[in-house]
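# Structure assessment
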Amino acid sequence: MTKRFRSEDGIALVMALGITVVLIIFVAGMITLTSSGGRAAQLSAGDVQSRQYSDAGLNTAYSILENQLTVSGGNPAAANLLGCNGVTGAADTNGPSNCTTPSPKVICVTASSGCSAGDIGSVSVYGFYSGTNPATYNSVTVPASTWLITSTGYSRNPNTGSAMAKTETATITVNPLNSGAVAAVWNHIFLTAPLVPNTCSASFAGNNMTITDPLYVIGNLCITGQNTTIQETTQPVDLMVGGKLILSGSGTSAGTSSKSLTSGVVAGGCNTTGVANAGGTCNSTTHYYVTGTDTWVDAKAPVQLASDIASDYTNFDPGPNHFCASGSGLGSTAFDGDGVQNGTNASFELTPSSSYTCLSQNGGATTGQLSWNNSTKVLTVNGSIFLDGPMTISQSGTYSGSAVLEVAGAITFNGNSTKLCAENPCNTAAGAWQGTSGNNSMLTLVSLVTGNASAVQFTDNSQTFQGSLWTQPTSGLHFVKNGVTVEGPMSLGSFDASFNNATFIPLPLITNMPVGAPLPPNTGASLGTLTITK
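Residues numbered from 1 in each chain as written. Predicted model: local features only at pLDDT ≥ 70, side-chain atom pairs only at ≥ 80, totals over all residues. Heavy atoms only, no water.

## A closer look at the overall build of the protein chain
Each helix and strand in the protein chain was counted, giving three helices and 36 strands. Residues classed as buried in the protein chain amount to 52% of the 534 residues present. Put simply, 60% of the contacts in the protein chain that link residues at least 6 apart link residues at least 24 apart. (Helix = DSSP H or I, 4+ residues; strand = E, 2+ residues; numbered from the N terminus. Buried < 20%, exposed > 50% of the residue type's maximum accessible area, 1.4 Å probe, protein only. Contact = heavy atoms within 4.5 Å.)

Dropping the structure here:
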């Protein structure tokens with residue numbers, strides 16, 4: 001009996017050891033599986049970010065082509081801005097492009113100015129133009145009159161720290177030159193308030209004002225100030241008005257008797273008496289001087305819906321759900337004080353009298369950054385940033401980087417001579433910023449409030465902003481005093497002011513579009529839509 005019990009004790013020990021070994025293998029397997037899943041999730045996030053960057057490259061390519069169409073007077077391939085060989089050539093003007101040795105354009109999306117090909121936060125993009133007949137490039141058949149765009153975005157590999165790449169391709173069809181307007185996504189002032197009968201959607205009531213930018217107005221455009229004109233200086237101007245054009249001020253005109261605008265269309269007709277009166281023929285009698293007649297292109301105004309705002313509130317970094325990972329001077333309450341997207345947070349001063357630093361939780365400065373150095377007066381920005389309340393800008397400064405800053409409240413510039421520019425000192429001369437200047441910084445300020453005519457407001461004299469402005473179609477831009485200067489793309493619901501001596505600088509060729517920026521409507525009839533093919 002004793003021997004049998006001893007034998008059973010030995011079996012129990014062996015079984016216990018076996019079970020222990022199995023448990024060890026099981027736990028090790030679970031740890032391996034969990035670690036592998038974590039690494040896979042990180043890689044997936046990096047892959048998504050690379051795709052976002054390549055998307056930004058495709059959008060930038062579209063912007064470059066649209067702008068060049070306007071500058072060139074409608075030639076779909078004049079000046080090889082996206083050509084594979086990186087230089088202008090007859091083959092690229094008429095097609096097909098010479099793509100034997102591609103030389104992509106390098107765009108700094110979140111990387112600092114002066115990034116190189118393959119850097120984290122950069123995009124390399126180039127385009128092949130087929131010309132008047134179908135053509136083949138890299139075994140891809142490209143239809144006639146079509147651009148094939150190749151864009152590669154580089155993000156950080158979370159596991160290794162090195163760059164990881166994602167390449168996308170897209171096609172853009174060039175429509176016949178007589179199909180309508182020549183307009184550019186980032187080359188017009190878009191005034192997107194809906195057409196309301198007998199109501200001015202945009203009111204230029206100040207005196208001695210010169211508008212030198214292409215204009216797209218969905219509703220009625222009223223220019224009532226004295227000696228205020230729309231005229232060409234350094235680039236062709238295309239004027240598109242979906243309602244009436246009222247030129248009632250003394251010395252007011254669209255174009256001049258000595259220099260007509262390149263193109264235009266006024267769907268509701270012109271008069272010199274008032275918006276409540278009928279629109280008549282647009283000609284010299286109504287102070288309208290335009291060479292070419294466009295076809296009105298009815299484009300849907302860009303809107304940030306509640307679902308869009310909720311998504312941005314959740315995902316933007318830095319933002320309410322992604323507080324600063326490192327840095328000083330900004331706490332979580334800077335982005336949202338109550339944890340609910342409602343636009344009620346305290347007003348945020350972008351350029352205060354003390355410094356602050358905020359880097360994103362996911363990737364640090366290369367993914368998202370909002371920092372202000374009060375000693376040097378430099379604002380450093382990158383990525384997509386969300387503030388759940390209003391924002392003020394009360395001190396002059398220079399910004400560096402590319403970012404969209406969405407604000408769930410009004411944006412207000414305070415103080416005489418306050419300037420926020422990409423150049424230091426602030427320089428709005430032709431070619432000083434964007435284009436061929438080498439300075440590709442771009443700050444897009446977005447006010448998400450609805451029904452506010454002062455969603456973006458310049459409150460004092462001689463203020464300057466160099467960057468992009470966007471409001472909801474039911475909101476607008478307001479100049480309170482005199483001598484305000486704005487240079488850069490604008491998509492605004494409305495515009496209203498009685499200021500004098502304001503200046504809208506002709507828009508440069510935009511070479512860097514920030515990720516996440518709400519786009520103005522594409523009113524161009526010379527380019528088709530951008531279609532991602534791979």
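## Examining the pattern of salt bridges
All chains considered together, the criterion is met by three salt bridges. Residue arginine 51 is joined to glutamate 168 by a salt bridge in which the shortest nitrogen-to-oxygen separation is 2.8 Å. Placement of the pair is arginine 51 in helix H1 (residues 2-71) and glutamate 168 in strand E6 (residues 163-174), with a sequence separation of 117 residues. On the basis of relative accessible area, arginine 51 is assigned to the partly exposed category, the value being 35%. Between glutamate 232 and lysine 259 there is a salt bridge, with its nearest N and O atoms 3.8 Å apart. Taken together, the residues glutamate 232 in the loop between strand E12 (229-230) and strand E13 (238-241) and lysine 259 in the loop between strand E15 (253-254) and strand E16 (261-266) connect sequence positions 27 residues apart. We classify glutamate 232 as buried; its relative accessible area is 11%. By relative accessible area, lysine 259 is classed as partly exposed at 41%. (Salt bridge = Lys/Arg side-chain N within 4 Å of Asp/Glu carboxyl O.)

## Some details on the sheet that holds strand E5 (residues 146-156)
Across the sheet, which stays open at both edges, the five strands sit in the order E1-E2-E5-E6-E36 with antiparallel pairing between neighbours. Strands with a single pairing partner mark the edges of an open sheet, and in this sheet they are strand E1 (105-108) and strand E36 (527-532). Taking the axes of each pair of neighbouring strands and ignoring which way they run, one obtains an average angle of 25 degrees across the sheet. In the sheet, E5 pairs with E6 via eleven bridges, with the strands oriented antiparallel. Looking at E6, one finds that tyrosine 154 is bridged to alanine 165. (Pairing = 2+ DSSP bridges. Axes fitted to C-alpha atoms, helices over the stretch in contact; angles between N-to-C directions.)

## Looking at the state of the cysteines
Scanning all chains against the criterion turns up five disulfides. The disulfide partner of cysteine 108 is cysteine 115, and the gap between their sulfur atoms is 2.2 Å. Torsion about the S-S bond of the cysteine 108 and cysteine 115 cystine: about -105 degrees, corresponding to left-handed handedness. By the burial criterion, cysteine 108 is buried, and cysteine 115 matches it. (Disulfide = S-S within 2.5 Å.)

## Remarks on the side chain of serine 54
The topology assignment puts serine 54 in helix H1. For serine 54, a relative accessible area of 0% gives the class buried. Excluding residues within four positions of it along the chain, serine 54 makes contact with Val123, Ser151, Thr152, Gly153, Lys166 and Glu168.

## Some thoughts on the environment of aspartate 496
Within the element layout of this structure, aspartate 496 appears in strand E34 (residues 494-497). A relative accessible area of 42% places aspartate 496 in the partly exposed class. Along the chain, aspartate 496 and phenylalanine 204 lie 292 residues apart, while their C-alpha atoms are 6.4 Å from each other. Not counting chain neighbours up to four residues away, the residues in contact with aspartate 496 comprise Ser203, Leu477, His478 and Phe479.

## Observations regarding the environment of glycine 225
With respect to the element layout, glycine 225 can be found in the loop between strand E11 (220-223) and E12. Linking glycine 225 and asparagine 208, residues 17 residues apart in sequence, is a C-alpha distance of 7.6 Å.

## Focus on the packing of aromatic side chains
Counted under the stated rule, the structure contains eleven aromatic pairs. Each ring, one from phenylalanine 316 and one from phenylalanine 386, has its centre 6.4 Å from the other, and the planes form 75 degrees; the classification is edge-to-face. In this pair, phenylalanine 316 sits in the loop between helix H3 (306-315) and strand E19 (348-349) while phenylalanine 386 sits in strand E22 (residues 378-387), placing the two residues 70 residues apart along the sequence. In this structure phenylalanine 316 comes out as buried when scored by relative accessible area, which is 8%. Judged by relative accessible area, phenylalanine 386 falls into the buried class, the value being 0%. Each residue in the set Phe204, Phe413, Phe458, Phe465, Phe479 and Phe495 is aromatic and connected to the rest through ring pairs, giving one cluster. (Phe/Tyr/Trp six-rings, centres within 6.5 Å; stacked < 30°, edge-to-face > 60°.)

## Here's the deal with unusual backbone geometry
Going from aspartate 317 to proline 318, the amide bond is cis rather than trans, its omega being 10 degrees. Mapping proline 318 onto the fold places it in the loop between H3 and E19. For the bond from asparagine 424 to proline 425, the omega torsion is -5 degrees, close enough to zero to count as cis. Mapped onto the secondary structure, proline 425 falls in the loop between strand E26 (419-421) and strand E27 (442-447). Even without being a glycine, asparagine 138 presents a positive backbone phi close to 50 degrees. Within the element layout of this structure, asparagine 138 appears in the loop between strand E3 (135-137) and strand E4 (140-142). Classification of asparagine 138 as exposed rests on a relative accessible area of 57%. Even without glycine at this site, lysine 377 takes up a positive phi of about 60 degrees. For lysine 377, the location among the structural elements is in the loop between strand E21 (364-373) and E22.

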